[in-house]
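If you want the building blocks of each chain, they are given just below.
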Amino acid sequence: MNAQAFTRWQDYKFGMFIHWGLYALLERGEWVMFKEQIDVDEYRKLSDDFHAESFDPNIWAETAKAAGMKYMVLTSRHHDGFSLFDSPSSFGAFTSMHAACKRDIVAAYTRACREAGLGVGLYYSPMDWRFPGFFAPKMYAKSAQAMKEQCHGQIDELMSNYGKIDILWYDGGNDCWLAHARDIRHQGEVQYTRENPQCPNFWDGDRLDELVRTKQPEILINERIGAMNHADFYISEGKVGKYNFAQPWESCFTLAGAWGYCKGATPTPLRECVQMLIQTVVGGGNLLLNVGPRPDGRIEDNQVARLKEIGEWLKAFGESVYSTRGGPIQPDRWGGTTWSNNILYVHILHWFENSIRIPRPSASVLSCISLTGSEVSITEEGEWVTLSVPPEDRQAIDTIIKLEIDDDVGNAYKSMQITTE
Ligand code: GLC
């Protein structure tokens with residue numbers, strides 16, 4: 001792993017996940033083809049209606065920036081097999097170039113990310129529901145092989161044709177995903193069964209990994225391809241990951257409804273969004289928050305509005321988030337800490353008691369203020385520091401207390417730190 005690229009990624013903290021594809025037209029999330037057992041040829045017809053008339057990745061990038069996000073990850077291809085890029089390897093030329101919009105969405109997106117100074121991430125699903133070989137890799141060995149070749153070809157295209165890619169976000173490539181459709185009827189008559197869920201290293205993740213890293217030496221790759229031991233970071237889907245510095249991680253959540261567009265879905269309340277971010281950051285992770293744009297490419301107004309609110313919050317309190325590191329104090333029910341050089345930020349998300357107690361640093365505390373300018377009471381006694389602010393100054397989202405310490409925080413809490421070494 002490239003150390004500089006990794007530090008950059010750790011500094012991002014907050015990114016935008018974008019699930020967009022033909023499924024948006026059906027307005028019922030990205031699993032609609034599978035869940036409703038839509039015939040492959042029927043589903044393909046959706047591409048005639050995929051006009052993407054309001055698709056403007058510069059607006060996506062602006063929205064991400066307004067939310068305080070530092071990187072984006074776009075579904076270049078989801079499990080339905082539809083590619084948002086010009087892909088000669090795509091089985092049956094099932095791509096946005098052959099859809100009504102006739103555009104290379106990934107090309108426009110990667111350009112927009114870079115222009116906006118955002119990290120460029122691509123999501124890619126090796127599995128593809130159009131292949132019987134996905135559901136029964138042994139019974140349909142040729143189909144499984146063709147699906148795998150498609151994957152290697154497409155990864156090569158994505159890594160070769162779109163300039164520098166910062167993040168490759170695989171999904172569904174861990175072996176337990178093969179044949180996930182046990183006992184579900186697919187494509188009419190054929191009953192697919194789970195054959196060999198362990199099917200070792202089906203995707204040849206290690207070979208893929210080598211290809212990707214040769215073409216993109218600075219890229220960071222998640223673990224969802226089954227290339228054991230090679231992942232740069234791990235995904236905690238739908239929940240905040242555990243405090244962990246030995247294994248870099250990212251939590252992903254969706255802002256409204258499913259990952260793909262769901263008409264009328266209500267965005268998560270602001271408090272929950274920000275608290276999710278803080279819980280992630282105090283535990284050492286990044287947060288990737290998902291939007292599912294409408295079929296025309298626009299993100300719903302109420303989601304944009306929520307993202308802007310998060311951005312406003314970050315504008316005021318971002319110094320306690322960006323470029324900090326999680327810990328060194330283990331998160332607790334009340335919240336947790338972040339730090340940078342000799343500054344320790346204490347994030348109090350819930351006031352169960354009138355004060356909170358943190359371990360005392362080995363160096364003295366030089367100053368102690370709250371980021372909202374309220375009065376902080378501090379008592380240092382024995383092994384502990386007790387902190388409190390008057391009830392009327394406690395924030396509904398996060399009361400942040402900033403302690404300046406007479407040493408690097410990492411040193412001052414050395415014995416408590418979980419390090420990567
Ligand atoms: C799951 C789902 C998928 C979504 C992803 C995001 O793996 O299959 O629809 O893209 O999670 O984490």
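Just so it is clear, the structure is predicted and the values come from calculations on it, not from any experiment.

Procedures and definitions
Residues numbered from 1 in each chain as written. Predicted model: local features only at pLDDT ≥ 70, side-chain atom pairs only at ≥ 80, totals over all residues. Heavy atoms only, no water. Pairing = 2+ DSSP bridges. Helix = DSSP H or I, 4+ residues; strand = E, 2+ residues; numbered from the N terminus. Contact = heavy atoms within 4.5 Å. Axes fitted to C-alpha atoms, helices over the stretch in contact; angles between N-to-C directions. Domains from an automatic or database assignment. Buried area = accessible area lost by both parts, 1.4 Å probe. Salt bridge = Lys/Arg side-chain N within 4 Å of Asp/Glu carboxyl O. Polar contact = N/O pair within 3.5 Å; in protein donor to acceptor, adjacent residues only side chain to side chain. Nonpolar A, V, L, I, M, F, W, Y, C, P; charged D, E, K, R; others polar.

Comments concerning the sheet that holds strand β5 (residues 220-221)
Note on sheets: strands pair through backbone hydrogen bonds, and any given pair is parallel or antiparallel.
Move 1: With parallel pairing, 8 strands are arranged side by side in an open sheet as β5-β4-β3-β2-β1-β8-β7-β6. In this open sheet, the two strands that pair with only one neighbour each are β5 and β6 (234-237).
Move 2: The sheet contact formed by strand β1 (residues 14-18) and strand β2 (residues 71-77) spans 4 bridges and is parallel. If you follow Ile-18 over to β2, its bridge partner there is Leu-74.
Move 3: Those strands touched by helix α9 (residues 270-282) are β1, β7 (249-254) and β8 (286-291), and its axis lies near 150 degrees from that of β8.

What about the domain arrangement of the chain?
Move 1: Partitioning the chain into structural domains gives domain 1 (3-320) and domain 2 (325-416).
Move 2: In this structure, domain 1 and domain 2 have C-alpha centres spaced 37 Å apart.
Move 3: Counting residues at the interface gives 20 residues for domain 1, matched by 21 residues for domain 2.
Move 4: Around 1,800 Å² of area is buried between domain 1 and domain 2 when both sides are counted, 61% of it from carbon and sulfur atoms.
Move 5: Run the count over domain 1 and domain 2 and you get 2 salt bridges.
Move 6: Where Arg-325 meets Asp-11, a salt bridge forms, and the shortest distance between an N and an O atom there is 2.9 Å.
Move 7: Counting the contacts that link domain 1 with domain 2 gives 11 residue pairs in polar contact (both at pLDDT 80 or more).
Move 8: Of all the secondary structure elements, the ones that give two or more residues to the side of domain 1 that touches domain 2 are α1 (3-12), α9 and α10 (301-317).
Move 9: With 8 residues, the top contributor of residues to the side of domain 1 that touches domain 2 is α9.
Move 10: Classifying every residue of the side of domain 1 that touches domain 2 gives 9 nonpolar, 7 polar and 4 charged.

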